[in-house]
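Each chain, letter by letter, is given below.
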Amino acid sequence: MSIKEDTAQIIGLSESMLASISGITVAVVCIEIEQENFIEFGCYIYRASLAIMELLTAESSPANAIQILQTLSKNVDLAKDIMKRCQEGTEPISDNELRSIIAQLEGVIKHMGDCLSLIPSSSFGDQKYAEVAIRSLSNEMQNAEFRISQTLAKAYGLNTYGLSLEKQLKEQEVSTEQDLYPISVEVSSDNPQFLTMPPMMKACKSTISDNAGKHGKIRSSSTTLPQVDQYIEPLYETFFCPLTQKIMDDPVTIETGVTYERKAITEWFEKFKNSGKNICPTTGKKLVSTNLNTNIALKWTIEEWRERNDSATIKVAKTALSLASSESMVLEAIKDLQSICQRKQYNSIEVLSVGILPSLLKFLEYRDRDVRCAALELLRLLAEEDDECKEIIYKAMDISTVIKMLSSSHQPIRHASLLFLLELSRSLSLCKKIGSVTGGMLMLISIKYKPSIDEFASEKADEILRNLERAPNNIKRMAECGLLEPLLNQLTEGCEETKMEMASYLGEIALGQERETCVAERASPPLIKMVQSGNTLTRREAFKALGRISSYRPNGKILVEAGVVQIMVEEMFSRRICDEPVNSKIEAAAIIANIFESGLDLENLRVNSHGHIVSSNYFAYNIICMLKNSTPDELNVNLIRILLCLTKTPKSTAIIVSAVNTTEASYNLTEFINNPHEELGVLTVKLLSTLSPYMGHILVERLCKTRGQPENLIQRPTDITQITERHAVSAKFLAQLPHQNLTLNIALQGKNVVATILQTINQIQRSGTRSSRYASAYLEGLVGILVRFTATLYDPQMLFLARNYNFTLVFTELLMKTSSDEVQRLSAIGLENLSSESISLSKPPQIQKTKSVRLPKFLSFGSSKWSKIPVCAVHRGACSSQNTFCLVDAKAVEKLLACLDHDNVEVAEAALSAICTLLDDKVDVDQSVNMLSEVNAIKHVLKLVKEHQQEGLWQKSLWVIEKFLVKGGDKSSSDISQDRLLPATLVSAFHHGDGNTRQLAEKILTHLNKMPNFSTS
């Protein structure tokens, strides 16, 4: 058979089969006996039709397609015959015959499942979902079992078991999870190929439309299903209100004998109240009285009718939701279920018990917004006032789907999802679960704070959040998302256990800057009370919370005003409870350190009720004594942090220096340098650096007596990228100790630290200071240590050290090969110190007579018997950069002059000081001025004196200018006198400078004929 003939046969079989299936689905709802089994059979066979359409539209038809379709067609024909027999029979079907029919239907479904399993995987191409769905449907159909009704079961002696609501739902959930090919318009829309096969759809639509008009005033959703009037008892005209045309809930009769819905007739009377024309809406007769009499008989009749028909309506709605042939069918079914649930609370349990929940949950992701909204409203009604129902619904659904709906642009969906969440949140057991959903808390809080956008949503979100507050973990989540009020309220008003829990949360969560201040103001008073309580666990959490609050610097003032400092000082100095699980001294010291580091004016801050202040001997000496006697590193860290804050004021610094000297705490501090605790070591070195200007020589003595010091302060990192803060502060500390202290310099020289320093400097320069956060500070400290050796060059060991490592060349290169202003300043100071020694180290050359050697006449070049040795014009002797530290020989002068143009005035002043050593009276000033004139030094100096007005810089600059005027000759005088701005600078220096500056300015002004020469008069 050709491919074309195969295709024609496949299409013919498929269309014939789909038409038969359409007829079967119409027939199953018309059969009254064993309705549930027949409807279930109809659902199975309808779902098989979708698989047939998938096979028909496959990219490549399988080789066994005709065989599969023929087998399926035989089973469909058999089912069609069974349906016909059930419909046409004039006599009632016996129980035995009915049991046989059900068994045959079960066999049809299983055989069709077997056929579907024969479809090869290659038929589906890249549509993996379709393959998984059909395989799942095949497996489900092969395992299908139709249970006989209760009546038949008893007739044949079979056992039946009643299931609880939750167990029934679990069974339904299992089958639904296996159903990967659900009957929904969603699936059809995702695969357009379904929409191109009209036979089945047209058959279904025509059947529905044919039956839609047959039932008059039957429920609206019932009209979308074929022959559903078989399920539902007809309605009576008397059930309907003449005004609303709806079934009455509260029927009342007026004096004309006509019955209306109470609400409707009341509104009618109100409408015509002022006109004085009270008439009956139906008869038009004028009424004497508007009294309303409840029609009890009719009300009971309607209620009984509803009760008899609710079960049938639920089954019809379940079928409608399973088929989901159209959006209108789904909407009408859901609305019918809503009406049923609203009438009676028990109806919700009955709806859940028939297994409608899985189908309903699928519609939360339906494409039509009205369907999603209706599904949410029905879920709310099912969950209403019954915690068991709430639990069942929550377990069956993914609550994150509802959370996502909170951000919907469609207002009704937002409102419906909020109302549903509000209902679920009324269950205490669900509060914690709802609060833990990712993003849920943040969404609710965001909606709460936007009443201007949606007032209703804001109110409902607030109600939900108040319900969720009942779970303590939710309060923490709210605080993390910006809602702090519940936490702060519980911290203030809750029981002791709750307060402790809230304090614990406050110590853990990270607050934004805009909320820190509010928390500090509200939380400080209750936390202080908790600290003062006797409960150890409560105190621990309160300390933790106060520590976190105090870590935000702007809170310092708030905590001081709340009295936290005095409470913490009392904890540190007065509390004497041993074996307490929480070390309150450590916590108290940390809180005080945080507050002191906030930048407050500490000098007059009171620390206790006796009037002692921070800058008092009482406070400083107690801190120092604790430092001497304490062992925990954490406490020592916080004590040193406090001392560092105190050193910011001169008065407190003086007290600390006195306390350290008196108590000999300097021994403890130098020991802390070796402590492996990183933070303790760093803070200790910082404190010692701060105290070094006041007690530097004492610290040097203590340091040199400490094991492993001072060389351990210069530990070379294994890699430049691993330079730590400890490396940097240690090097700077050594550099800051008194430079003239020969003991320390000799101790460092004896440990061969210079070679290590130079190697590290070269390595940092090659890698760059950006290789580590602390590389620049470390480099500055290392250069500072080299400079300290130049301050004691009078010692032979230091002199040898400077010559051996050619310090002059090292500092000269550092002047220009660094981006650090401090390194340039220190290098200029080092050159100044070295150059100051040049005149004493530069000696006149010793002329040595050479030995006379008789040479042949042809090798004789002259008769000179003396060797010539070069002499430095400035220092009048034999000079070199290495041995006499001559700046001229080192080519350092040009680099120092370049530094005079530096923006940093300290760098410029240091460079000028180094140049001044070349104009000292001990050198040949005339030669020095000539040498400096050749490199235009005076122009750099003139620019410097005009741009900066610092006293020290003024004096040095004016001193140099005066030297050039006296020794520089006409050219220098001309260059200086032609500078138009210089006189104004000299006048300013004359008026505002100190004595030495005024004298220098006066001399220059006189030399420039800007002032009279008083010495000649």
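Please refer to the structure placed before this passage.
Residues numbered from 1 in each chain as written. Predicted model: local features only at pLDDT ≥ 70, side-chain atom pairs only at ≥ 80, totals over all residues. Heavy atoms only, no water.

Peer 1: Sorry if this is basic, but what is going on with the overall build of the protein chain here?
Peer 2: Of regular secondary structure, the protein chain possesses 50 helices and 3 strands. A sequence separation of at least 24 residues applies to 70% of the contacts in the protein chain between residues at least 6 apart. Split by element, the accessible area of the protein chain, about 48,700 Å² in all, is 50% carbon and sulfur. (Helix = DSSP H or I, 4+ residues; strand = E, 2+ residues; numbered from the N terminus. Contact = heavy atoms within 4.5 Å. Areas by Shrake-Rupley, 256 points an atom, 1.4 Å probe, with all protein chains shown as cover.)

Peer 1: Got a minute to help me understand a negative patch on the surface in this structure?
Peer 2: A surface patch of negative charge is lined by Asp 821, Asp 901, Asp 903 and Glu 947. Relative to the assigned elements, Asp 903 resides in the loop between α43 (893-899) and α44 (905-916). Overall, Asp 903 belongs to the exposed group, its relative accessible area being 75%. (Patch = residues over 30% accessible without salt bridge, like charges linked within 9 Å, V, L, I, M, F, W, Y side chains within 5 Å. Salt bridge = Lys/Arg side-chain N within 4 Å of Asp/Glu carboxyl O. Lys, Arg positive; Asp, Glu negative; His and termini not counted. Charge placed at Lys NZ, Arg CZ, Asp CG, Glu CD. Buried < 20%, exposed > 50% of the residue type's maximum accessible area, 1.4 Å probe, protein only.)

Peer 1: Whenever I open this one, unusual backbone geometry confuses me. Can you help?
Peer 2: Comment: phi is negative for the bulk of residues other than glycine, and the bulk of peptide bonds are trans. A cis geometry characterises the amide bond from Gln 709 onward to Pro 710, with omega recorded as 5°. Considering the arrangement of structural elements, one finds Pro 710 in the loop between α34 (678-704) and α35 (725-736). Non-glycine residue Gln 245 carries a positive phi angle of around 60°. Overall, the relative accessible area of 47% leaves Gln 245 in the partly exposed class. Of note, Arg 876 is a non-glycine position whose phi angle comes to about 60°, a positive value. The topology assignment puts Arg 876 in the loop between α42 (838-841) and α43. Under the relative-accessibility criterion, Arg 876 is labelled partly exposed at 43%.

Peer 1: Before we go on, may I ask you to explain the nonpolar core in this structure?
Peer 2: Here is a general trend for soluble globular proteins: nonpolar side chains tend to be buried in one another's company. Counting 174 residues, the largest nonpolar core has Leu 506, Leu 527, Phe 596 and Ile 961 as its most contacted members. In contact with Leu 527, not counting residues within four places along its chain, are Leu 491, Ala 503, Leu 506, Ala 542, Ala 545, Leu 546 and Ile 549. In this structure, Leu 352, Leu 360, Leu 418 and Leu 430 belong to the second largest nonpolar core, which totals 67 residues. (Core = buried A, V, L, I, M, F, W, Y, C linked by side-chain atoms within 4.5 Å.)

Peer 1: Help me understand the packing of helix α23 (residues 485-493) against helix α24 (residues 496-508) in this model?
Peer 2: In a packed pair of helices, the relevant descriptors are the angle between the two axes and the axis-to-axis distance. Where α23 meets α24, the closest approach of the two axes is 8 Å, and the angle between their N-to-C directions is 140°. With respect to α24, the element α23 is oriented oblique. When the axes of α23 and α24 are compared, the crossing they make is left-handed. For the pair formed by α23 and α24, the contact residues are Leu 487, Gln 490, Leu 491, Thr 492 and Glu 493 on the first element and Thr 498, Lys 499, Met 502, Ala 503, Tyr 505 and Leu 506 on the second. (Axes fitted to C-alpha atoms, helices over the stretch in contact; angles between N-to-C directions. Parallel < 35°, antiparallel > 145°, perpendicular 65-115°, else oblique. Left-handed = near helix turned anticlockwise from the far one by under 90°.)

Peer 1: For this particular structure, what's the right way to read helix α38 (residues 775-789)?
Peer 2: Given 3.6 residues to a turn, an α-helix orients residues that are three or four positions apart in the same direction. Over its 15 residues, α38 runs 22 Å from end to end, which matches the ideal 21 Å to within 8%, given 1.5 Å per residue. Counting buried positions along α38 yields 13 of 15 residues, so the element is predominantly enclosed. (Expected span 1.5 Å × (residues − 1).)

Peer 1: Explain the environment of His 875 here, please?
Peer 2: By the secondary structure assignment, His 875 is in the loop between α42 and α43. Taking relative accessible area as the criterion, His 875 reaches 2% and is therefore assigned buried. In the structure, His 875 is positioned 47 residues away from Lys 922 in sequence and 8.2 Å away in space, judged by C-alpha atoms. The residues contacting His 875, other than those within four sequence positions of it, are Ser 838, Ile 839, Ser 842, Cys 886, Leu 918 and Val 923.

Peer 1: Please clarify how the sheet that holds strand β3 (residues 293-294) should be interpreted in this entry.
Peer 2: In a beta sheet, neighbouring strands pair by backbone hydrogen bonds and run either parallel or antiparallel. Strand order across the open sheet formed by 3 strands is β2-β1-β3, with antiparallel pairing between neighbours. Only two strands of the sheet have a single partner each, and these edge strands are β2 (259-261) and β3. Of the pairings in the sheet, the one linking strand β1 (residues 251-253) to β3 comprises 2 bridges and is antiparallel in character. Looking across to β3, one finds that Val 252 is bridged to Thr 294. Here helix α10 (residues 262-271) sits on the sheet and contacts β1, β2 and β3; the angle it forms with β2, its principal contact strand, is near 95°. (Pairing = 2+ DSSP bridges.)

Peer 1: In this structure, what is going on with the state of the cysteines? I would like to understand it.
Peer 2: As used here, a disulfide is simply a covalent bond connecting the sulfur atoms of two cysteines. Taken as a whole and assessed by the stated rule, the structure comprises 0 disulfides. Free of any disulfide, Cys 389 has its nearest neighbouring cysteine sulfur in Cys 341, separated by 9.1 Å. Looking at Cys 389, the relative accessible area reads 1%, which means it is buried. Left unpaired, Cys 879 is separated from the closest cysteine sulfur, that of Cys 872, by 3.9 Å. (Disulfide = S-S within 2.5 Å.)

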